[in-house]
Amino acid sequence: MPAETVAATQVSKEVHSWEAGGATSPEALTAWVGARLAGHEAALAALLAVEGPRTIENTLRLYDAALEQLSLAGAQAGVLNSVAKEKAVRDQAQMEAQRVAMAGSALSLNRGVYDALVAMDISSADSATRHFVERTRLQYRLSGVDKDQATRDRLQALHEKATKHSLDFSRNIQEGGKTIVATLSELDGLPPDYLSRHQPDARGQITLTTDQPDMQPVMTFASDHDLRERMFLAYNTRAYPANQQILLDLLATRQEIASVLGFSSWADLATADQMMGSAANVRKFLARLEEASRDGAVREHELVLEFVRSKQPGLKAIDITSRGYWYEQFRRSAFDFDSQSVRPYFPYKQVEAGVLETAAKLFKIEFRRSDAAGWDPAVSVYDVYEEGVHVGRFYLDMHPRDGKDKWFSAAPVVTGVRARYMPEAALICNFPGGDPDDPGLLQYSDVVTFFHEFGHLMHAILGGQTQWAGVSGFATEGDFIEVPSQMLEEFFRDENLLQTFAKHYETGEVLPSEIIRKMKTAGSFGRADWVRTQLYYTTLSLDLHDQDPATIDLDEITKRLYTSLVPWTWLDGNRMYASFGHLTGYSSNYYTYAFDKVIALDFFGQFDPADLLGCDAGARYRKLVLEQGGSKPGREMVRDFLGRDEEFAAFSKWLNEEFESQLISATA
Ligand SMILES: [Zn+2]
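In what follows, the accompanying structure is described. Not measured: the values here are computed from a predicted model.

### Some remarks on the overall build of the protein
When you go through the protein residue by residue, the secondary structure sums to 26 helices and seven strands. A compact globule built from 668 residues would reach a C-alpha radius of gyration of about 26 Å, and the protein, at 25 Å, matches this within 12%. For the C-alpha atoms alone, the extent of the protein along its principal axes is close to 85 × 60 × 55 Å. Long-range contacts, defined here as pairs at least 24 residues apart, represent 73% of the contacts in the protein between residues at least 6 apart. A total accessible area of about 25,800 Å² is found for the protein, and carbon and sulfur atoms account for 52% of it. Within the protein, the 94 negative side-chain charges are centred at a point lying 1 Å from the centre of the 68 positive side-chain charges.

### Here we look at the packing of helix α2 (residues 26–49) against helix α3 (residues 56–83)
As a packed pair, α2 and α3 sit with axes 8 Å apart at the nearest point and diverge in direction by 165°. Between α2 and α3, the crossing angle belongs to the class labelled roughly antiparallel. Viewed along their axes, α2 and α3 form a crossing whose handedness is left-handed. Within the contact between the two elements, α2 uses Leu29, Trp32, Val33, Arg36, Leu37, Gly39, His40, Ala43, Leu44, Ala46 and Leu47 and α3 uses Thr59, Leu62, Tyr63, Ala65, Ala66, Leu67, Gln69, Leu70, Leu72, Ala73, Gln76 and Leu80.

### A word on α3
Between the first and last C-alpha of α3 there are 38 Å, a value that for 28 residues agrees with the 40 Å anticipated at 1.5 Å per step. Taking burial as the measure, the 28 residues of α3 include 21 buried ones, the bulk of the element.

### Topic: the packing of aromatic side chains
Per the stated rule, a full pass over the model turns up 53 aromatic pairs. A ring pair is formed by Tyr63 and Tyr140, whose centres lie 6.5 Å apart and whose planes are at 50°; its orientation type is tilted. A residue pair is termed long-range when its members are at least 10 positions apart, and Tyr63 in helix α3 and Tyr140 in helix α6 (residues 127–143) qualify at 77 residues. For Tyr63, a relative accessible area of 5% gives the class buried. Ring geometry for Phe431 versus Phe450: centroids 5.4 Å apart, planes at 20°, classification stacked. In this pair, Phe431 sits in the loop between β7 (424–428) and α16 (444–462) while Phe450 sits in helix α16, placing the two residues 19 residues apart along the sequence. The buried category is assigned to Phe431, whose relative accessible area is 0%. One aromatic cluster is present, built from ring pairs that chain together Phe307, Tyr325, Trp326, Tyr327, Phe330, Phe335, Phe525, Trp568 and Phe659.

### Structural notes on the packing of helix α15 (residues 348–363) against α16
Between α15 and α16, whose axes approach to 11 Å, the crossing angle comes to 45°. The angle between the axes of α15 and α16 places the two elements in the oblique class. Two packed elements cross with a definite hand, and for α15 against α16 that hand is right-handed. In this structure, α15 uses Tyr348, Val351, Glu352, Val355, Leu356, Thr358, Ala359 and Phe363 to contact α16, whose residues at the interface are Val447, Phe450, Phe451, Phe454, Met458 and Leu462.

### A closer look at the coordination of the zinc ion
Protein coordination at the zinc ion comes from His452 (NE2), His456 (NE2) and Glu482 (OE), with a distance range of 2.1 Å. When the donors of the zinc ion are listed by position in the chain, the intervening gaps give H-x3-H-x25-E. Taken as a pair, His452 and His456 lie in helix α16 at a separation of four residues, close to a single helical turn. An identical accessibility class is assigned to His452 and His456; each is buried.

### Quick word on the sheet that holds strand β6 (residues 409–414)
Reading across from one edge, β3-β4-β5-β7-β6 is the order of the five strands in this open sheet, with mixed pairing throughout. Edge positions in the sheet fall to β3 (366–369) and β6, since each of these pairs with one other strand and no more. Going across the sheet, the axis of each strand differs from the next one's by a mean of 30°, ignoring polarity. In this sheet, β7 lies alongside β6 in antiparallel orientation, the contact comprising five bridges.

### What about the environment of Glu300?
Along the chain, Glu300 turns up in helix α13 (residues 279–311). As a C-alpha pair, Glu300 and Ala43 span 257 residues in sequence and 58 Å in three-dimensional space. Those residues in contact with Glu300 that lie beyond four places of it in its chain are Tyr327, Phe525, Gly526, Arg527, Ala528 and Asp529.

### Regarding empty space enclosed by the protein
One simple way to see leftover space: roll a probe sized like a water molecule over the atoms. The tally for this structure, following the rule as stated, stands at one cavity of 30 Å³ or more. Residue lining of the largest cavity: Thr210, Asp211, Gln212, Tyr235, Arg238, Lys406 and Trp407, and that is the complete set. Partitioned by chemical class, the residues of the lining of the largest cavity number two nonpolar, two polar and three charged.

What counts, and at which threshold
Residues numbered from 1 in each chain as written. Predicted model: local features only at pLDDT ≥ 70, side-chain atom pairs only at ≥ 80, totals over all residues. Heavy atoms only, no water. Helix = DSSP H or I, 4+ residues; strand = E, 2+ residues; numbered from the N terminus. Rg over C-alpha atoms; globule rule 2.2 N^0.38 Å. Contact = heavy atoms within 4.5 Å. Areas by Shrake-Rupley, 256 points an atom, 1.4 Å probe, with all protein chains shown as cover. Lys, Arg positive; Asp, Glu negative; His and termini not counted. Charge placed at Lys NZ, Arg CZ, Asp CG, Glu CD. Axes fitted to C-alpha atoms, helices over the stretch in contact; angles between N-to-C directions. Parallel < 35°, antiparallel > 145°, perpendicular 65-115°, else oblique. Left-handed = near helix turned anticlockwise from the far one by under 90°. Expected span 1.5 Å × (residues − 1). Buried < 20%, exposed > 50% of the residue type's maximum accessible area, 1.4 Å probe, protein only. Phe/Tyr/Trp six-rings, centres within 6.5 Å; stacked < 30°, edge-to-face > 60°. Donors = N, O, S within 2.8 Å, 3.2 Å for Na, K, Ca; no water. Pairing = 2+ DSSP bridges. 1 Å grid on protein atoms, 1.4 Å probe; cavity = no way out; pocket = protein on both sides within 12 Å on 5 of 7 lines; lining within 4 Å. Points joined across faces, edges and corners; volume = space filled by probe spheres on them. Nonpolar A, V, L, I, M, F, W, Y, C, P; charged D, E, K, R; others polar.

Here's what the structure looks like:
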């Protein structure tokens, strides 16, 4: 079938839950998910009913059709759980997500399906098909499919519990926003557009929320220590105390699953089918990271502390709520770079256009605004074309809304399968902007985040043309998934590219080269501290899944790790673990970010700095990495693109990028 015919037949109510009313009606959503699950069951029934020899066509094709329906239902239940306007719909979406997860768990414990997959002869299949089958068989063994019926029933019940805890944990973060009250004088240091959006009420009080566009500027720019502290505590307790016990229950349930399966810890189970392979390998990697960042972090801390003491003589230490503020002040003084000065060059709409244009040039595709409907009027829809052929679609839901998830993420909407489903994906973000009176001036770190999430989006779309749903898009090892996103982040560093879209929102002036250079130098200061913070999150994620949950004191372990890895002073009352959302998806494997940063920087090193978008690395990267989706192991993709395994050199160079020679006497 020609690609265009395929695309046209598949964009229908069957594919989009919200076109069937699922974004506004809980009943319609249930009916839509029910139809997908019925399709899933029908494919499995047909698979089990096959008589005679098992083949790829009579078995794997049906298995994949069952997966396809499951991932379609799961993706959209997940999206609507994050974005639906009505709480009743979000609640229903959470229940549907649970129902889909249970069907997935039942599939992973289905002995009949496993036996059928094992009986297939795959010796003459193509390599992607062989990899899909071998990986699926491994995951079946890891899920306990070969245990007796009673054990499998117990595992199914444990998965149900774990899924419920995970969904509750995420929901409490999503809906747990808090507010604090400030006076005008406490907002000293914040930019004018922030002040104009936060007018005092009749009593002279200003209400600030813990949403990113309110919270982040306070932590970076507010000179009032008390205000920062109130915001920090509100932000880090927004899902506390509810999530404290839920997290302990989740950890205990995961540990029980691991024990039933014969693993000593959840971390060993969760790394068994990853690039890393074992929790012990993660520990080795973390030791290397610790060593690589130690001296740089000490040096950074010394410089900032010395600077702060020149302002506040006698100060003993800098606390956790002041780290962002003093880094900003130090960068202004030491590198003559004020991060507020670049915000007028990054109004949301221009950044969106710039990121899209960069990706379009890099991957040689075209984005056209679509009049197709999203789940909310605030959503922008784009169609992706390649040589005139419609190959994908994406949804940008980019600004805060009541009840909407408060983080930044990319999510599949339709898992692409060649000649069956056109890939669709969404960004669910919380950038400033979105209403006509607000230009949505972004901090430069927001622009980097935009590139990051767009890297995921491209992975879902360009990797969504595979022959099997089971290897489409994000279906790589979980610890490879942050490579495409962190690779695209690096494009922010290119001056020419930035100047194509960084233009002053009032005057149209292009962001001057001199400021870009200062921004890059100032931005390279703080990397060692960033790595230490990653080490803290990563070690916490691992430690929580590598010991008896009954002995874990969340407050004690969080404070101890922070104090041992980061130089800033801890603040009692900080319950960050209760809103550490990555613990649901990544569980013990938060190391993915740091590990994939090493790979991403090595990948980026293959691009010609003088011609990032035009050099042939872009086409090679697209073909050998993105388009593969999960068709081959991450290890092989690394070797295909680099011609070797990843090395630490590019990461070390990035981590130790020269900033000392650019320092203006910081304490002057
Ligand atoms: Zn990411």
